[in-house]
Amino acid sequence: MDQPRALVIGGGIGGLTAAVALRQRGWAVTVLERAPELTPVGAGLGLAPNAQRALDVIGLGDRVRALSAWQGDGGLRAPGGRWLSRTSSEAAADRFGGPLVLVHRATLVSLLASALPEGVVRTGTAAVLTDPGGGGRPAVVSTPDGELEAELVVAADGIRSAVRQALFPDHPGPRYTGLTTWRVVVPAPERPFAPHETWGRGRLWGTQPLKDGRVYAYAMATAPEGAHAPDDERAELRRLFGDWHDPVPAIIDAADPGQVLRHDVHEMAVPLPAYHSGRVALLGDAAHAMQPTLGQGGNQAIEDAIVLAHHVGPDGDFGAAAECVGGLAAYSADRLPRTTAIVRQATRTGRMTAVSNPVAVAVRDALIVAVSRFGPGLILRGFAGIADWRPPQHTYASGTPRQ
């Protein structure tokens, strides 16, 4: 076979990153996306230095860094406006080798899609894994246009992954965390503000600038699973956050009620036994859904894609069963311990933000203030081992490759 075939199920950030990376490693790639167009679900996404270095591998890291809008100070606040901790974009960049870049998901999806030739992405195409392959036979995926065979299938089909369920039918899957989130993108308010995240009693709010002059805001609160506002979600935000410090009320007022996104938060509390089976690899939320408290969900999907392409690269004949098993087993061994640890750290952080008892909130805030007195380094230390990750390949921007 001159060129091995790969099918990517899902045209989100992880799936598109995998498609670009695999094509650059010599694969003939087809992306199967059930939606009629590549319209990403969500609003903003924070790309930490680890994801930026992963994107360096496929030549897109600098284009993402050019979108950085965070300059100067920022930090963590209380609902009344008091700063609990302060840090700066410079301190974060010095600590982890790059800035935090806030982008709209549509911007990143467009950037990734532009790196793929026309025809690689097939929208409006539902895909069902029929046979995971193995033992010398290809994997088989069923679509409305017929069956497709491939030497590799990448399942990037999200938190409710049908492929994951087919591969691991006895796994309990993601569980509800007790938290729900809201996200919105609005024009920037007239009064300038420092980027911030604000922790209250069982509630969280974040306001971050985007490069195009708009603002990405997100909120989280404890709520029953499946709950919705009796009127609209902007009104719900007013009820929960309307008396918080500036610019929170102005951001809520500027939101279009129809554009406020609300989603319950689920996480993969029980890790999968592996991120592969047969000739199929799982990545992103399909493999390791996590709470958004570290801002690493999309970042880890990008890492997954780059590491997967590294392990199933051009060395050897991946059409052979032994090469297939070896490459995907190496991918699982590389990614499962790291992402499991990050899922658990995000859970611990989520518990801190969900504290609602007034005494416990006061203790939590006092500890944050005490730690912050020792400088931003201690606050940023919580991202050590996450944001300073480097890809296994050498890149122009990532220094020495990982050993």
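Scroll up to find the structure this text is about.
About the thresholds
- Residues numbered from 1 in each chain as written.
- Predicted model: local features only at pLDDT ≥ 70, side-chain atom pairs only at ≥ 80, totals over all residues.
- Heavy atoms only, no water.
- Pairing = 2+ DSSP bridges.
- Helix = DSSP H or I, 4+ residues; strand = E, 2+ residues; numbered from the N terminus.
- Axes fitted to C-alpha atoms, helices over the stretch in contact; angles between N-to-C directions.
- Contact = heavy atoms within 4.5 Å.
- Buried < 20%, exposed > 50% of the residue type's maximum accessible area, 1.4 Å probe, protein only.
- Phe/Tyr/Trp six-rings, centres within 6.5 Å; stacked < 30°, edge-to-face > 60°.
- Salt bridge = Lys/Arg side-chain N within 4 Å of Asp/Glu carboxyl O.

A. Summary view of the sheet that holds strand β12 (residues 175-187). Spatially, β5-β4-β13-β14-β15-β12-β16 is the arrangement adopted by the seven strands of the open sheet, whose pairing is mixed. Among the strands making up the open sheet, the edge pair consists of β5 (83-88) and β16 (261-267). Mean inter-strand twist for the sheet, computed between neighbouring axes without regard to direction, equals 20°. Bridge analysis of strand β4 (residues 73-77) against strand β13 (residues 196-199) gives three bridges, and the strand direction is parallel. Within the sheet, the bridge partner assigned to Arg77 lies in β13 and is Thr198. The strands touched by helix α7 (residues 233-241) within the sheet are β12, β14 (203-209), β15 (214-222) and β16, with β14 carrying the most contacts at an inclination of about 110°.

B. Representation of the pairing of strand β6 (residues 101-104) within the structure. Side chains of β6 alternate between two faces, with Val101 and Val103 and Leu102 and His104 buried alike. As paired elements, strand β3 (residues 44-47) and β6 share four bridges and run antiparallel to each other. Bridge pairing links Leu45 to Val103 in β6.

C. Geometry of the packing of aromatic side chains. Per the counting criterion, the structure on display carries three aromatic pairs. Aromatic side chains Trp205 and Phe241 sit 5.3 Å apart centroid to centroid with 55° between the ring planes, which places their arrangement in the tilted category. Within this pair, whereas Trp205 is found in strand β14, its partner Phe241 is found in helix α7, the two being separated by 36 residues in sequence. For the pair formed by Trp205 and Phe241, the shared burial category is buried. Arranged with centres 5.6 Å apart and planes meeting at 40°, the rings of Tyr216 and Tyr218 form a pair that is tilted. Exposure class is identical for Tyr216 and Tyr218. Each is buried.

D. The sheet that holds strand β8 (residues 128-131), seen in detail. As summarised here, the arrangement of the three strands in space is β8-β9-β10, forming an open sheet in which the pairing is antiparallel. At either margin of the open sheet sits one strand with a lone partner, and together these are β8 and β10 (146-150). Sheet twist, expressed as the average angle between the axes of neighbouring strands with direction ignored, equals 35°. As paired strands, β8 and strand β9 (residues 139-143) are joined by three bridges and run antiparallel to one another.

E. Representation of α7 within the structure. Of all the nine residues making up α7, seven are buried; the element is thus mostly covered by neighbouring parts of the structure. Taken as a whole, α7 has its buried residues at Glu233, Arg234, Ala235, Glu236, Leu237, Leu240 and Phe241. As for α7, its buried residues are in contact with β12, β14, β15, α8 (248-254) and β16.

F. Geometry of the pattern of salt bridges. With the rule as written, the count across this model stands at 15 salt bridges. Between Asp56 and Arg65 there is a salt bridge, with its nearest N and O atoms 2.8 Å apart. With its nearest N and O atoms 2.9 Å apart, the salt bridge here joins Arg214 to Asp212. Shared partners join several salt bridges into a network, and the residues in it are Glu303, Asp304, Arg335 and Arg338.

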